[in-house]
Amino acid sequence: MEQTLLCVMELLLISSLFHCGHAEGPQLSVSPSWLSPGSSVTLRCEIEPLSAGWRFYWYKAVPDLLHKNYSYDLLSGSTAGTEHDSYIIHGQTHTAGYVCRAGRGDPVDYTDYSEPNFVWSAGSHPAASLTVSPDREKHFTVDDISLICGGSSAEWRVRRFPGGKSFSDCSYWGTMTGSTCSLNSRLYWRGVYWCESGSGEFSNAVNITRGRPQLSVSPSWLSPESSVTLRCEIKPPSAGWRFYWYKAVPDLLHKNYSYDLLPGSTAGTEHDSYIIHGQTHTAGYVCRAGRGDPEYHTDYSEPKFVWSAGPHPAASLTVSPDREQHFTVDDISLNCGGSSAEWRVMRFTGGQRLSDCSSWGTMTGSTCSLNSRRYWRAAVYWCESGSGEFSNAVNITRERPVLSVSPSWLSPGSSVTLRCEIKPPSAGWRFYWYKVVPHLLYNLYNYDLLPGSTAGTEHDSYIIHGQTHTAGYVCRAGRGDPEYHTDYSQPKFVWSAGSHPAASLTVIPDREQHFTVDDISLNCGGSSAEWRVMRFTGGGFLSDCSSWGTMTGSTCSLNSRWYQRGVYWCESGSGEFSNAVIITRERPVLSVSPSWLSPGSSVTLRCEIKPPSAGWRFYWYKAVPDLLHKNYSYDLLPGSTAGTEHDSSIIHVQTHTAGYVCRAGRGGPVDYTDYSEVNFVWSAGSHPAASLTVSPDREQHFTVDDISLNCGGSSAEWRVMRFTGGGFLSDCSSWGTMTGSTCSLNSRRYWRGVYWCESGSGEFSNAVIITRERPVLSVSPSWLSPGSSVTLRCEIKPPSAGWRFYWYKVVPDLLYNLYSYDLLPGSTTGTEHDSYIIHGQTHTAGYVCRAGRGDPEYHTHYSQPKFVWSADFHPAASLTLNPDRVQHFTSDSVSLNCGGNSTKWMVRRFKETGFLSRCSSWGTMNGSSCNMNMNWYDSGVYWCESGSGEFSNTVNITVQNDDDGVILVSPVHPVTEGASVSLSCRLRKQNTLSSVSFYHNDKLLQHDGREELNISAVSQSDEGFYKCQHAGKTSQQSWMSVTAVSRPESSSFPVLLMVGSVIGIILLIFLLLLCLCKQSKDLCCIRWIQSQSSSQSSSSHPGVNQNETNQYSSPLHVDDVCLYESIKPTKQTKTDADESRDVTYSLIELKHFGKKGRHHEPEESCVYSDVKTGTAGKWSPAAADAAVYSEVSLGAALDNDAAM
């Protein structure tokens, strides 16, 4: 009793590993799990918690069939134990098992033995082998499996390791008869299987999986009028299956689903796909397959779902709080409603895991309550009722702040900017900033608050000055009273190549790039006794040496087969970071030229090692398709047995598609690099034993097409391969369905690429290029001008007949971060022509098009959205810029501010490269403002989109990437005609500059030492491109737009009044002249009468030349009024005889001279008559008969005296 109590006290008070004189067994890890030729095996014996003074003992496990256990044989050098907790075994070639234990003290107290752990080999032992019947890796529930042991022993047992910690022998899951273990696939489990003999040997090991059909459902989310396509895939594909399709019906009583056969599925379908039309609500489906007579069936597939955001009349799900994204501070309620009394809430995570509320929350009646600490980062949730209905589905994500650190690598004198981003942005947060401190004991980090961060900061950014060494940071945010906090962000690092005085990392061999022949040592040095080596890979994954190497004291050893490109550094037990280094694992890069064969051309292979170094010899191989192992085997090319000195090899008379690889080697014995990736030379010509045909027989396809790739030739086995532009090689099983010699794919799943067949006998077929095209929409013009129309053109390549075109206006949908499409007027049934004109468009807008043909009609993809931009403000949406100028340095902080009648906004950018993106890709969206991150923004067109679907005005932003360059300071918005404007030139650190030259449309406008170009009253002629020049540096040019001032139209009433007045005065003058004429007091009247009579007589003369004229002027006196007659020629006359027939037009202008009551000289009160002739000749007596037409306009009323 006393001894037992003492043991308990030891456990509670000192956390010792010993209990009653014994310590718990350590954990043994074996790396790698599967042997490869020439690889060593590393054993690691781990005791938790860590403590000093242990020695480690290493054993090989020897099968003991009599006691159904293992005996343990000490490994060499292990009699007295080893100081280090790792042990390396060289030259292991067959499956083996190992154990370890530890001891300390004098006399030595030992821990328990660890559980056995294994390293497996696919290679048979001479005295022990395992064969599987049927001979394949995957099996279905219809299979009976035999595991047959063979070798020199009379006694055998078959073992299985299913992937957890537990392993067991055949007696638990099968029937052992002699050397054979028989099992029905309904009883077996996925795992590694091997034989163990009575004489202690291990056989080869095999992986066996229990395969069930895989069901895919497309699409995952329903959209109006969409159909649902189910596809049931069996791997590996084989003939003779029929497919059965079921709808999953929730069964709450048994916490499962029952399966109802879908229509037309009673006898199964020949094809492995099934289309459902008219599905409008969330639903689940399964499939299975069967063959034989009598028919046997596979397992049912896992249920797969198609989700709908629309509620079912009998089932609905609401979420409280009502938003998609949540933080750890949130408690969430998922509420089911409808016609049922029983409910369950289901969740489907990104890892394809399906579970109900009882696994991660608390189900109370129709409500599932969960704390956000227990829900998944991203998942789909829905309700299922006791009566079998599915509710609408919702996406819920658990977000943590995202920390960005800029720059990633330190340079002398640079500051470090931290930015803590919460999505979606919301108000009221305060931000807390921490420095991470390595904590080696618990293999994590502690967080120390940075200065000024105790109460949080209002801004989401924090600048650190004077950082000189590698460091890590995290952030979190909080709000409310009392304050609640988000999760901590993931740690982010700023790296330095400079060593810390207390921590340094050196790499052996000392170079950045390594090959598979290299063993690498990462050595930590400094003032600490404890170290760990960390690695950060390009995928953002952070891990320590124990995950990919062996840590021995201050050194991390790794074989290059296990390492990956990344940044490596040391962390000390006292909390310091070392310098950081980049290490990459390179394989040779093979290039093949040309890519496509032409008659008589040779093929050049080049094997490139980076960085180049001496001593390599190069080996060249032809790739031979190996369909059984889904790979290639490599046959040495002629003359390559001993390698070549040169890194290139030329192949003559290659006529068919082929694949090649290379590798390099050096040293004695030779150390080889990895093989390069396979690279191909393609030929459009068929091989006599292998050919590929495509149906439909064309290069370009639309989403409406189902495509068949048919292999033909002398082989019974085929695979279809695809090589995409990104250099990715894959076979039909990844993107289609292989049935016999045919690969079938729907165009929704294919990609642009080169396709070819490979036969079971190793031949390559001809290669074909297949492209998936969508219509290309063009919009003209790109920028709106007043009164201009917009022309849309929808182009299909290659052109073909029968298409009708549909035109849509894009409407921003901020909830789903996409655009919805509204049909444009007259487009409901499509248009015959591929162009569409829009009149009266005044603001920024976006458009798409698609085409359709056939009966029933099928449609192409929608085109990419294209935009027409306007600088004019929309009444409901506007964009302003701070600072308010077109050009900016990359180091500038720039804010884009949206305003209008919406509460939700998004800022978009369109670059010259044609790439469209939103603010979250290159900035931070806070409410209605987008703050652009330094070094993340670029030149382009920017605009706002509102939650209510409007587009704002657009602005051009130009970025100066050279911080030593100059920028032009010019207005970003149009300038109103008549307003004043100032342009200036500036450097990044100097706002005003003197001796600046300004250019307008590339013409020098000002160069007189002034700092600014001032335009006091802008006119339309000032519109155009401007740039500035200072000290030999020229800015980029920016467009300054000028908006014309609208002028009110003149009223027609004053015009009518004036015309009426003029006509009245003319009548008065004629009456006056008639009276004066009667008195015959002056020659003036006579001459006027002669003019009239001349004009009358001239009308009787034919042959008037209306193109001839002359000029005559003489005073015509009428009492005190003088009429000055001015006859202006338009062209020279021909003859005087013709002049008598000319018509003279007279414009008589009445002007006011003098004041009332004043005496006037006769010539001071005159009516001046401007007589403009159409074709009048010289004046002569003969011309006296010419008619005069007088138009009199009033300059001012005649004085009363003159009138009288």
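Residues numbered from 1 in each chain as written. Predicted model: local features only at pLDDT ≥ 70, side-chain atom pairs only at ≥ 80, totals over all residues. Heavy atoms only, no water.

Novice: For the overall build of the chain, give the residues involved together with the corresponding values.
Specialist: In terms of regular secondary structure, the chain is built from five helices and 102 strands. When the 1204 residues of the chain are sorted by exposure, 45% land in the buried category. Carbon together with sulfur atoms contributes 51% to the accessible area of the chain, which is approximately 60400 Å² in total. (Helix = DSSP H or I, 4+ residues; strand = E, 2+ residues; numbered from the N terminus. Buried < 20%, exposed > 50% of the residue type's maximum accessible area, 1.4 Å probe, protein only. Areas by Shrake-Rupley, 256 points an atom, 1.4 Å probe, with all protein chains shown as cover.)

Novice: Please provide a residue-by-residue account of the nonpolar core, values included.
Specialist: Grouped together as the largest cluster of nonpolar side chains are 20 residues, with contacts concentrated most on Leu896, Val907, Trp922, Cys930, Met932, Tyr942 and Ile957. Mapped onto this core, the elements with two or more residues apiece are strand 79 (877-882), strand 81 (894-900), strand 82 (905-910), strand 85 (929-932), strand 86 (940-946) and strand 87 (951-960). (Core = buried A, V, L, I, M, F, W, Y, C linked by side-chain atoms within 4.5 Å.)

Novice: Break down a nonpolar patch on the surface for me, with residues and values.
Specialist: A cluster of nonpolar side chains, namely Leu50, Leu441, Tyr442 and Leu444, defines an oily patch on the protein surface of about 450 Å² accessible area. Within the secondary structure, Leu50 is located in the loop between strand 4 (41-46) and strand 5 (55-64). (Patch = residues over 30% accessible without salt bridge, like charges linked within 9 Å, V, L, I, M, F, W, Y side chains within 5 Å. Salt bridge = Lys/Arg side-chain N within 4 Å of Asp/Glu carboxyl O.)

Novice: Outline the sheet that holds strand 54 (residues 589-593), supporting the account with residue identities and numerical values.
Specialist: Pairing is antiparallel in the open sheet, where three strands are placed in the order 54-55-58. The strands lining the two open edges of the sheet, one partner per strand, are strand 54 and strand 58 (648-651). Within this sheet the neighbouring strands show an average axis-to-axis angle of 15 degrees, counted without direction. Taken together, the four bridges between strand 55 (residues 603-608) and strand 58 define a ladder with antiparallel strand orientation. Along strand 58, the bridge assignment pairs Val603 with Ile651. (Pairing = 2+ DSSP bridges. Axes fitted to C-alpha atoms, helices over the stretch in contact; angles between N-to-C directions.)

Novice: Give a description of the packing of aromatic side chains that names residues and reports values.
Specialist: One pass over the full model with this rule turns up 68 aromatic pairs. Judged by centre distance (5.3 Å) and plane angle (70 degrees), the ring pair of Tyr57 and Tyr110 falls under edge-to-face. Separated by 53 residues along the polypeptide, Tyr57 in strand 5 and Tyr110 in strand 9 (residues 109-110) bring together distant segments of the chain. Where Trp735 meets Tyr755, the ring centres are 5.5 Å apart and the plane angle is 90 degrees; that geometry is what we call edge-to-face. A residue pair is termed long-range when its members are at least 10 positions apart, and Trp735 in the loop between strand 66 (729-731) and strand 67 (737-739) and Tyr755 in strand 69 (residues 753-759) qualify at 20 residues. Geometry around Tyr257 places Arg344 over its ring, the cationic atom sitting 5.0 Å from the centre. One residue, Arg532, lies across the ring of Tyr445, its end atom 5.0 Å from the ring centre. (Phe/Tyr/Trp six-rings, centres within 6.5 Å; stacked < 30°, edge-to-face > 60°. Lys NZ or Arg CZ within 6 Å of the ring centre and 35° of its normal.)

Novice: Provide a residue-level description of the environment of Leu818, including the pertinent values.
Specialist: Structurally, the position occupied by Leu818 is in strand 74 (residues 818-823). With residues up to four places along the chain from it excluded, the contact list for Leu818 reads Val811, Pro812 and Asp813. (Contact = heavy atoms within 4.5 Å.)

Novice: Help me get a handle on the pairing of strand 92 (residues 1003-1006), residues and values and all.
Specialist: With three bridges joining them, strand 91 (residues 997-1000) and strand 92 adopt antiparallel strand pairing. Paired with Phe998 across the strands is Gln1006, a residue of strand 92. With antiparallel pairing between neighbouring strands as the criterion, strand 91 and strand 92 make up a hairpin whose turn holds two residues, including Asn1001 at a positive phi of roughly 55 degrees.

Novice: Tell me about the state of the cysteines, residues and numbers included.
Specialist: In protein chemistry, a disulfide is the covalent bond that joins the sulfur atoms of two cysteines. Tallied over the full model, the rule gives 16 disulfides. Linked covalently through their sulfurs, Cys794 and Cys849 form a disulfide whose S-S length is 2.0 Å. Of note, the bridge from Cys794 to Cys849 carries an S-S torsion of about 80 degrees and is right-handed in sense. Within this pair, whereas Cys794 is found in strand 72 (residues 790-795), its partner Cys849 is found in strand 76 (residues 845-853), the two being separated by 55 residues in sequence. Note on Cys849: relative accessible area 0%, which makes it buried. (Disulfide = S-S within 2.5 Å.)

Novice: Quick one: what's the story with the layout of surface pockets, residue by residue and with numbers?
Specialist: By volume, the second largest pocket amounts to about 1200 Å³. Counting residues per element, the ones that place at least two in the lining of the second largest pocket are strand 4, strand 48 (531-537) and strand 50 (550-552). Across the lining of the second largest pocket, the residue classes tally to 15 nonpolar, seven polar and eight charged. (1 Å grid on protein atoms, 1.4 Å probe; cavity = no way out; pocket = protein on both sides within 12 Å on 5 of 7 lines; lining within 4 Å. Points joined across faces, edges and corners; volume = space filled by probe spheres on them. Nonpolar A, V, L, I, M, F, W, Y, C, P; charged D, E, K, R; others polar.)

Novice: Can you lay out the confidence of the model for the chain for me, pointing to particular residues and giving the numbers?
Specialist: Residue-level pLDDT values for the chain average 80, and 79% of them are 70 or greater. For residues 1080-1204, every residue scores under 50 in pLDDT, and the model assigns this stretch 244 contacts once sequence neighbours within four places are set aside. (pLDDT = per-residue confidence, 0-100.)

Novice: Can you tell me about the environment of Arg532, naming the residues and giving the values?
Specialist: For Arg532, the location among the structural elements is in strand 48. Owing to a relative accessible area of 7%, Arg532 belongs among the buried residues under this scheme. Setting aside residues no more than four positions away along its own chain, Arg532 makes contact with Pro438, His439, Leu440, Asn443, Leu444, Tyr445, Cys524, Met551, Trp569, Cys570 and Glu571. Polar side-chain contacts of Arg532 include one of 3.5 Å to the backbone oxygen of His439. A polar side-chain atom of Arg532 sits 2.8 Å from a polar atom in the side chain of Glu571. (Polar contact = N/O pair within 3.5 Å; in protein donor to acceptor, adjacent residues only side chain to side chain.)

Novice: Requested: an account of the sheet that holds strand 83 (residues 916-918), with residues and values cited.
Specialist: Ordered in space as 80-87-86-82-83, the five strands form an open sheet in which the pairing is mixed. Looking at strand neighbours, the two that pair on one side only are strand 80 (887-889) and strand 83, the edges of this open sheet. For this sheet the average axis-to-axis angle between neighbouring strands, irrespective of direction, equals 35 degrees. Alignment of strand 82 against strand 86, held across six bridges, turns out to be antiparallel. Paired with Met906 across the strands is Glu945, a residue of strand 86.

Novice: Kindly report on unusual backbone geometry, identifying the contributing residues and their values.
Specialist: For the bond running from Ser31 to Pro32, omega is 0 degrees, close enough to zero to count as cis. With respect to the helices and strands, Pro32 occurs in the loop between strand 3 (27-31) and strand 4. Along the chain, Ser218 connects to Pro219 via a cis peptide bond; the corresponding omega equals 0 degrees. Of note, Pro219 is situated in the loop between strand 20 (214-218) and strand 21 (228-233). Positioned with a positive phi, Lys68 is a non-glycine residue whose angle comes to about 50 degrees. Along the chain, Lys68 falls in the loop between strand 5 and strand 6 (69-74).

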